[in-house]
Each structure stands twice: as C-alpha cells, then as structure tokens.
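Residue-level structural notes
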Amino acid sequence: RLIFFVSDLHLSAQTPTLTRIFLDFLGSRARAAEALYILGDLFEYWVGDDDLEDPANAAIAGALRELSDSGVELNIMRGNRDFLFGERFAAATGARLLTDPHVLSLPAWQFVLSHGDMLCTDDAEYQAFRTQSRAAEWQTAFLAKPLAERRAIARALREQSEAGKHEKAQGNNAYLMDLNPGATEDFLRDHGYATFIHGHTHRPATHDHIVDGISVERWVLSDWHEGDGPVRAECLVWDGEQLSREKLT
Ligand code: MN
C-alpha cells in the first residue's frame, strides 16, 4: 500500500486550477493510498474553523471527508498559513491533526515529518511571530474577532510576508528562507537519523546530510503553483521500499 505526502498547496479563491487538481486527486489517485499526509499550508490562509462556511473551503473539506470515509487514513499537519486548524476542521474532514514534528514509524522505514518553518531559525522576525501566534492567549484573542476582521488581518500579514520574501530573496539574504543547517543537523540527530520529509521552503529537492558519520536523507516537498509559468502540482509517494515524486498535472 502506498503513502502519499503533499504540502504547500496554498489553496484559495485565486487557485481554481490547483483546487480542481487537488479535488481530482482526492477522488481518484489518492484512493489507492493507505494514508495521506498533508504537511502544512493546504490553504493560503485559515483564520479559524468558521472558515468552513466559505463554499470553496467546504467543498475541499467535503472531498477530504469522502477520502477518509473511503478508508484512507488522513493526517494533516498545520503549516504557517493554516496553523489555526482546530477540532471542528478535524471532525469535518475526518483527519487526525498531527503535532509538528511527527514521527512516522513504518515496518520498513522510519520517517520524521515537519512543515519545516520551525527550522528556519535564521529568520528571527518570523520565529518571534511564530512563537507569539502559537500561544493559546494569542489564538483565543484572535479567534474572538469577527471573521471578516480576521480575514483582513490574514490578508495584511500575507502581503507583509510576500514583501518580506521579496526583500529576503535579494542579495545574500536568501538563507533566511531556508532551514538553518545547524538546527537541521540537531533535528536529524534528535530524531534518530530518520528520513526527514518537510515542505515550507518551496525548494523541492532531495538532500543527503552526513550527521555523525551517518547518511540521512531530507526530502523537501514541492509547493503547488499556478499563475505565471507552468502549473505545478506534485506528491511524494512511499511504495513500501522507496520514495518518488509523482506529478499530478
Ligand atoms: Mn509554509
């Protein structure tokens, strides 16, 4: 049986093609899986589980529910855009919400899964926001605001983050948007040199790390993309023996 991994779909009203590809995937290819792991940033933003009232979000949640009802184990990790997934979302989709990181032990292999943003430790400004926004008090105060206001705040944060990304991509600052090498090495050691799968950086690649003389693989998931350039939609597949990338376009 197959296990599928995806992340960074960033679905929104602006991604009709990606949404269609994802819904097709859930209704067809994904049914062959034993389990599907969505490792964060399924949505461009999620401002609380009352976002389920949005018809497009409801359609995606419904398709996830059909997948989990069909017997595919559905596991969803929160990303930095959809860290406010709560119990209502989990119940609506039939998903298990994973803590980040999550150890996945299979008979044949050991994996550790993360969205990836927690290891981008060079971006101090982002890490400060991350710490603040994961605190219960911050979330309670935020969720108490009206839905329209939360959406406006999310839009503003996203614009700030896009502008910041542009700035960070200039010159010698690109490292800010990637995992810190030392933090990554510590993470791999702390997780017993398990194969590491994550997303977030939008830099799909397979890296070989040598940690304490042990070779450890790190698979960076592809983000999904439409707009300028070709449509990109991809999943990672574990077939019981090896990982491979599968295009969904
Ligand atoms: Mn992310």
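See the structure above.
This text gives an overview of the structure that appears in the document. (Residues numbered from 1 in each chain as written. Predicted model: local features only at pLDDT ≥ 70, side-chain atom pairs only at ≥ 80, totals over all residues. Heavy atoms only, no water.)

Glancing now at the overall build of the protein. When helices and strands are counted, the protein shows seven helices and 11 strands. For 249 residues, the compact-globule estimate of 2.2 N^0.38 gives 18 Å, and the C-alpha radius of gyration of the protein, at 18 Å, lies within 12% of that figure. Taking the principal axes of its C-alpha atoms as reference, the protein extends roughly 55 × 45 × 40 Å. Classification of the 249 residues of the protein by burial places 49% in the buried group. In the protein, the share of contacts with a sequence separation of at least 24, taken over all contacts with a separation of at least 6, comes to 64%. Total accessible area on the protein is roughly 11,600 Å²; 52% of this is exposed by carbon and sulfur atoms. (Helix = DSSP H or I, 4+ residues; strand = E, 2+ residues; numbered from the N terminus. Rg over C-alpha atoms; globule rule 2.2 N^0.38 Å. Buried < 20%, exposed > 50% of the residue type's maximum accessible area, 1.4 Å probe, protein only. Contact = heavy atoms within 4.5 Å. Areas by Shrake-Rupley, 256 points an atom, 1.4 Å probe, with all protein chains shown as cover.)

Here we come to helix 7 (residues 181-190). Restricting attention to buried positions, one finds in helix 7 the residues Ala183, Thr184, Phe187 and Leu188. Seen from one end, helix 7 has its buried residues packed into an arc of 135°, which puts them on one side. Residues of helix 7 that are exposed and angled more than 90 degrees away from the buried face: Pro181 and Asp190. Close packing links the buried residues of helix 7 with strand 6 (110-114), strand 7 (195-198), strand 8 (205-211) and strand 9 (214-220). The backbone nitrogen of Gly182 lies 3.0 Å from a side-chain oxygen of the residue at the head of helix 7, namely Asn180. (Arc of directions from axis to C-beta. Polar contact = N/O pair within 3.5 Å; in protein donor to acceptor, adjacent residues only side chain to side chain.)

All right, on to the sheet that holds strand 2 (residues 33-39) then. Ordered by their spatial adjacency, six strands build an open sheet running 4-3-2-1-10-11, and the pairing between neighbours is mixed. Only two strands of the sheet have a single neighbouring strand rather than two, namely strand 4 (96-98) and strand 11 (243-247). Direction aside, neighbouring strands of the sheet carry axes that sit 25° apart on average. In the sheet, strand 10 (residues 234-238) pairs with strand 11 via five bridges, with the strands oriented antiparallel. Its bridge partner lying in strand 11, Glu234 is registered against Lys247. (Pairing = 2+ DSSP bridges. Axes fitted to C-alpha atoms, helices over the stretch in contact; angles between N-to-C directions.)

Bringing the environment of Ser12 into the picture now. By secondary structure assignment, the location of Ser12 is in the loop between strand 1 (2-6) and helix 1 (16-27). Non-local contacts of Ser12, meaning those with residues more than four positions away in its chain, are made with Thr19 and Glu44.

Once that is clear, we can look at the nonpolar core. The biggest cluster of nonpolar side chains holds 42 residues, and the ones touching the most others in it are Phe22, Leu36, Leu42, Leu64 and Phe89. Of all the elements in the fold, those that place two or more residues in this core are strand 1, helix 1, strand 2, helix 2 (55-69), strand 3 (73-77), helix 3 (87-93), helix 6 (147-169) and strand 10. Filtering out sequence-adjacent residues up to four positions away, Phe89 remains in contact with Leu42, Phe43, Trp46, Asp49, Leu52, Leu64, Ile76 and Leu97. If you look at the next biggest cluster of nonpolar residues, it comprises 17 residues, including Ala35, Leu104, Trp238 and Leu243. (Core = buried A, V, L, I, M, F, W, Y, C linked by side-chain atoms within 4.5 Å.)

Inspection of the secondary structure assignment puts Arg218 in strand 9. The side chain of Arg218 is buried and forms no salt bridge, while Asp178, the nearest opposite charge, is found at 4.7 Å. At 2.8 Å, the side chain of Arg218 and the side chain of His209 are in polar contact. (Lys, Arg positive; Asp, Glu negative; His and termini not counted. Salt bridge = Lys/Arg side-chain N within 4 Å of Asp/Glu carboxyl O.)

A few words on the packing of helix 1 against helix 2. Where helix 1 meets helix 2, the closest approach of the two axes is 9 Å, and the angle between their N-to-C directions is 20°. Regarding the angle of helix 1 to helix 2, the classification is roughly parallel. Crossing of helix 1 over helix 2 shows left-handed handedness. Mapping the contact onto sequence places Thr19, Phe22, Leu23 and Leu26 in helix 1 and Ala59, Ile60, Ala63, Leu64 and Leu67 in helix 2. (Parallel < 35°, antiparallel > 145°, perpendicular 65-115°, else oblique. Left-handed = near helix turned anticlockwise from the far one by under 90°.)

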